[in-house]
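Listed below, chain by chain, are the residues.
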Amino acid sequence: MDVQVANHCSITSAAKASIAQNAAECGIANTAKKKSRSRRGRRGKRRRGKKANEPPPFLPPELKLVNPTQYRFEHLATQLKWRLQEGRGEAVYQIGVEDNGLLVGLTEEDMKASLKTLRRMAEKVGADITLLREREVDCDRARRKIAEVLVRKVPDDQQFLDLRVAVLGNVDSGKSTLLGVLTQGELDNGRGRARLNLFRHLHEIQTGRTSSISFEILGFNSKGEVVNYSDSRTAEEICESSSKMITFIDLAGHYKYLKTTIFGLTSYCPDFAMLVVGANTGIAGTTREHLGLAMALKVPIFIVVSKVDLCGKSTVEKTVRQLERVLKQPGCNKVPMVVSNPDDAVTAAQQFAQSSSVTPIFTLSSVSGENLDLLKVFFNILPPLSNSKEQEELMQQLTEFQVDEIYSVPDVGTVVGGTLYSGVCREGDRLVVGPTDDGRFLRLKVCSIHRNRSGCRVLRAGQAATLALGNFDRSLLRKGMVMVSPKMNPTICWQFEAAIVLLFHAKTFRRGFQVTVHVGNVRQTATVECLLGKVWIFKLPDINQVPSPGSSQFLNQVFTKELDLLSSVEHNVLRSVTKNKVLYCHLWFHEEP
């Protein structure tokens, strides 16, 4: 590869494939040939009787980033541009590390020269670089250095990089307070002052408990510096100053608002989930339920242990050990990773994105600010899950926007909020919305688009936004509707088939039993009609819905009996994860006769 770059920079496997192709065009051998030559070289050395403890081989001078030729520099800049495109605006260079992970290191002069060349490359493509970490390695009794550098550039067709993080946890675990501290830039006073700006209703302020879904944003500029309300007065200023945006989805922790929490997870499609656990209470209340929900929906999860200022060190360690035991159980099969310093935060962010089994654990305080910077470093480096190719495939599909919220704004008219699941939506597009109570789809026009409280002209798949519909009659809209392209020719369903596994229940699951179905942004009651072999037939009431075939669903029991949470292994095979009052499965749909 290419740092002291060519063979001293480790990046993603997709980027490695590109480098191999580019290297072949420039006359550089690919990885397989390098390995075969190295094996032949080792055999030749053994024949010549050389010592086995020789220092590791170094790259020839022409493959270093030290004073590259103009042709070489242009080639490296092109590779950097491609890597940024594949990483959706971000790339991490590991300087001084070989392809096989060997820490070779560079001298002080070579490191400075390599960083200088990398900075020139970034300037050429309009990006900025940030030195994440640097350390020394011993090699042949000489001190050498390795470094990790973050290169960030906002894609030309986007305003900023956007990640959605759902915030889960038991009631009174400190979720809203933590978000208030992160987004407002001020520590809490120990009485919940930081969370007041997040509450939407009076009863939330009076009780201190979140009962609705709220959104907060945390930005990072191209140099990795935090951008929040301490530096900006409005959300528009934060968006304009940020290259990367973290959108937090604050969900309810109390059990009676569990349906709201499920709706937030299934409707808003978060990229990651942050489970907040109080150090003084440990795993209590709905903590297990929320962990099971995130796992069932296959949302990568990391854990934050809050309120460490209220407990002694032994209590915090006891809570962490309790979390590690739960994560290692057969139902979870996670690898816990406790983050205690900035070096761990960088490693956790990289491994967390590469493997869903790795679960970072942070211990912090929203009052004293202890270890709060480690969480910010983690968010700054955390890459998006999907690459540019997957994003392009979604954008090439027909437009599908799911309606989550409905507003009436003076001088604007009817406004709907939700997530664009596929396709591209532009100002002036003509779509159809439905189904109505009589099963029809109505035509409408998208007048304007707002995303993160600032205007934009184009909305792409996976992004959440609000759409102004002008004078469209609000009474014809309801939550759970979809706005789709007229070319999609959508159909509605009255009943569906579901392969389920009932692990525990106090009564018999039989015909006539009622459940609540969570299908994306749809929450709808359904009745068990009959059983055909191992497949149950469920019937929806008169209100029509348009769920997508094969989409992930939840069946939540109407009564307060306990069911087991299930996670799909294959399309129709389920297995137990943990106890919960929710049933998860894949559904197959029948069109209306």
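For the protein, the name recorded in an unreviewed UniProt entry is GTP binding protein 2b, with Cyprinus carpio as its organism. Checking UniProt for the protein, the heading Sequence similarities (unreviewed entry) contains the comment "Belongs to the TRAFAC class translation factor GTPase superfamily. Classic translation factor GTPase family. EF-Tu/EF-1A subfamily."

Chemist: I keep staring at the overall build of the protein and nothing clicks. Help me out?
Modeler: A tally of regular secondary structure across the protein gives 13 helices and 29 strands. Sorting the 593 residues of the protein into buried and exposed places 53% on the buried side. When contacts within the protein are restricted to residue pairs at least 6 apart in sequence, those whose partners lie at least 24 apart make up 69%.

Chemist: Teacher, can you tell me more about helix H9 (residues 287–296) here?
Modeler: It helps to recall that an α-helix has 3.6 residues per turn; residues three or four apart then point in one direction. Burial of H9 is extensive: nine of the ten residues sit out of reach of the surface. Three or more residues of H9 are buried, namely Thr-287, Glu-289, His-290, Leu-291, Gly-292, Leu-293, Ala-294, Met-295 and Ala-296.

Chemist: What is the right way to look at the nonpolar core in this model?
Modeler: Among soluble globular proteins, nonpolar side chains are generally buried collectively. Phe-248, Met-274, Phe-302, Leu-375 and Phe-379 are the most contacted members of the largest nonpolar core, which totals 37 residues. When residues of this core are assigned to their parent elements, the largest contribution, six residues, is made by helix H12 (residues 372–381). Among all residues touching Phe-379, those that are not within four sequence positions of it are Val-165, Leu-182, Leu-218, Phe-220, Lys-244, Ile-246, Phe-248, Met-274 and Phe-302. Counting residues in each nonpolar core, the second largest holds 33 residues, with Leu-251, Leu-291, Val-299 and Ile-361 among its members.

Chemist: Which parts of the structure should I look at to understand the packing of aromatic side chains?
Modeler: Two numbers describe a pair of aromatic rings. These are the distance of the centres and the angle of the planes. For the structure on display, the rule yields eleven aromatic pairs. Between Phe-263 and Tyr-268, the aromatic rings sit 6.1 Å apart at their centres with planes inclined by 85 degrees, giving edge-to-face as the arrangement. With respect to class, Phe-263 is no different from Tyr-268; both count as buried. An aromatic cluster is defined as three or more aromatic residues linked by ring pairs; in this entry it consists of Phe-248, Phe-272, Phe-302, Phe-352, Phe-362, Phe-378 and Phe-379. The ring of Phe-73 is capped by Arg-120, whose NZ or CZ atom sits 4.2 Å from the centre of that ring.

Chemist: I'm lost on unusual backbone geometry in this one. Help?
Modeler: With the exception of glycine, most residues fall at negative phi, and the peptide bonds are largely trans. Put simply, Gly-434 and Pro-435 share a cis peptide bond, and its omega is 0 degrees. Inspection of the secondary structure puts Pro-435 in the loop between strand E15 (430–434) and strand E16 (442–445). The phi torsion at Asp-411 lies on the positive side, around 65 degrees, for a residue other than glycine. Here Asp-411 lies in the loop between strand E12 (400–409) and strand E13 (413–422). Look at Asn-489: it is not a glycine, yet its phi comes out positive at around 50 degrees. Tracing the backbone through its elements, the reader meets Asn-489 in the loop between strand E21 (482–484) and strand E22 (495–499).

Chemist: I keep staring at a nonpolar patch on the surface and nothing clicks. Help me out?
Modeler: Taken together, Leu-196, Leu-202 and Ile-205 make up a surface patch of nonpolar side chains, about 290 Å² in accessible area. Inspection of the secondary structure assignment puts Leu-196 in the loop between helix H5 (175–184) and helix H6 (202–207).

Chemist: So what exactly am I meant to see when it comes to H12 here?
Modeler: Taken across its ten residues, H12 has eight buried, putting it largely inside the fold. Leu-372, Leu-374, Leu-375, Lys-376, Phe-378, Phe-379, Asn-380 and Ile-381 are the residues of H12 that are buried.

Chemist: Just to check I follow, could you spell out the sheet that holds strand E18 (residues 454–456) for this structure?
Modeler: Two strands in a sheet stick together by hydrogen bonds in their backbones, pointing the same way (parallel) or opposite ways (antiparallel). Ordered in space as E16-E15-E21-E12-E13-E20-E17-E18, the eight strands form an open sheet in which the pairing is antiparallel. The outermost strands of the open sheet, each flanked by one partner alone, are E16 and E18. Sheet twist, expressed as the mean angle between neighbouring strand axes with direction ignored, is 40 degrees. Bridge count between E13 and strand E20 (residues 464–468): five bridges; the pairing is antiparallel. The partner of Gly-418 across the bridge, within E20, is Ala-465.

Chemist: Hey, could you run me through the packing of helix H3 (residues 70–86) against helix H4 (residues 108–125) in this one?
Modeler: Helix-helix packing is described using two parameters, namely the angle between the two axes and the distance between the axes. Closest axis-to-axis distance for the H3/H4 pair is 9 Å, and the angle between their directions is 65 degrees. In the crossing of H3 with H4, the sense of the turn from one axis to the other is right-handed. Facing Phe-73, Glu-74, Leu-76, Ala-77, Leu-80, Lys-81 and Leu-84 of H3, the residues of H4 in contact are Thr-117, Arg-120, Met-121, Ala-122, Lys-124 and Val-125.

Chemist: Sorry if this is basic, but what is going on with the pairing of E16 here?
Modeler: Looking down a regular strand, the side chains alternate between one sheet face and the other. Side chains Leu-442 and Leu-444 project from E16 onto a buried face, and the interleaved Arg-443 and Lys-445 project onto a face without burial. Of the pairings in the sheet, the one linking E15 to E16 comprises four bridges and is antiparallel in character. Across the sheet, the residue bridging to Val-432 is Arg-443, located in E16.

Chemist: Before we go on, may I ask you to explain the sheet that holds strand E11 (residues 358–363) in this structure?
Modeler: The strand order across the open sheet formed by eight strands is E6-E5-E7-E4-E8-E9-E11-E10, and the pairing between neighbours is mixed. The outermost strands of the open sheet, each flanked by one partner alone, are strand E6 (226–227) and strand E10 (335–339). With six bridges joining them, strand E8 (residues 272–278) and strand E9 (residues 301–306) adopt parallel strand pairing. The residue bridging Leu-275 from the neighbouring strand is Ile-303, located in E9.

Chemist: When you look at the environment of Leu-531 in this model, what are you seeing that I'm missing?
Modeler: Inspection of the secondary structure puts Leu-531 in strand E24 (residues 522–532). For Leu-531, a relative accessible area of 43% corresponds to the partly exposed category. For the pair Leu-531 and Ala-499, spaced 32 residues apart in sequence, the C-alpha to C-alpha distance is 9.9 Å.

Chemist: It is not clear to me how the confidence of the model for the protein should be interpreted in this structure. Could you clarify?
Modeler: Caution applies to low-pLDDT regions: their predicted coordinates should not be interpreted in detail. Model confidence for the protein is summarised by a mean pLDDT of 77, while 76% of its residues fall at 70 or above. Scored below 50 in pLDDT, residues 549–554 shows 37 contacts in the model against residues more than four places distant or in partner chains. Contacts for the low-pLDDT stretch residues 556–593, under 50 throughout, to residues beyond four places or in other chains number 152 contacts.

Chemist: Could you clarify how one ought to interpret the state of the cysteines in this entry?
Modeler: Here a disulfide denotes one covalent bond, and it connects the sulfur atoms of two cysteines. A full pass over the atoms with the stated rule returns zero disulfides. Cys-425 supplies the cysteine sulfur nearest to Cys-456, a cysteine that is in no disulfide, at a spacing of 9.1 Å.

Chemist: I'm lost on the pattern of salt bridges in this one. Help?
Modeler: A pair can form between side chains of opposite charge whenever their charged atoms are brought close. Going through the model one piece at a time under the given rule, you end up with ten salt bridges. A single network of salt bridges, built from pairs that share partners, joins Glu-90, Arg-152 and Lys-244.

Chemist: Explanation requested: the side chain of Asn-170 in the structure shown.
Modeler: Examined against the element boundaries, Asn-170 turns out to sit in the loop between strand E4 (161–169) and H5. In this structure the side chain of Asn-170 is engaged in a polar contact, spanning 3.5 Å, whose partner is the backbone oxygen of Ala-284.

Chemist: Before we go on, may I ask you to explain the side chain of His-290 in this structure?
Modeler: Mapped onto the fold, His-290 is located in helix H9. A relative accessible area of 0% places His-290 in the buried class. Separated by 3.0 Å, the side chain of His-290 and the backbone nitrogen of Gly-169 make a polar contact. Leave out the neighbours within four places in its chain, and His-290 touches Leu-168, Gly-169, Ala-252, Gly-253, Leu-258, Thr-261 and Leu-275.

Criteria and thresholds
Residues numbered from 1 in each chain as written. Predicted model: local features only at pLDDT ≥ 70, side-chain atom pairs only at ≥ 80, totals over all residues. Heavy atoms only, no water. UniProt positions renumbered as here; feature names shortened; annotations may be inferred. Helix = DSSP H or I, 4+ residues; strand = E, 2+ residues; numbered from the N terminus. Buried < 20%, exposed > 50% of the residue type's maximum accessible area, 1.4 Å probe, protein only. Contact = heavy atoms within 4.5 Å. Core = buried A, V, L, I, M, F, W, Y, C linked by side-chain atoms within 4.5 Å. Phe/Tyr/Trp six-rings, centres within 6.5 Å; stacked < 30°, edge-to-face > 60°. Lys NZ or Arg CZ within 6 Å of the ring centre and 35° of its normal. Patch = residues over 30% accessible without salt bridge, like charges linked within 9 Å, V, L, I, M, F, W, Y side chains within 5 Å. Areas by Shrake-Rupley, 256 points an atom, 1.4 Å probe, with all protein chains shown as cover. Salt bridge = Lys/Arg side-chain N within 4 Å of Asp/Glu carboxyl O. Pairing = 2+ DSSP bridges. Axes fitted to C-alpha atoms, helices over the stretch in contact; angles between N-to-C directions. Left-handed = near helix turned anticlockwise from the far one by under 90°. pLDDT = per-residue confidence, 0-100. Disulfide = S-S within 2.5 Å. Polar contact = N/O pair within 3.5 Å; in protein donor to acceptor, adjacent residues only side chain to side chain.

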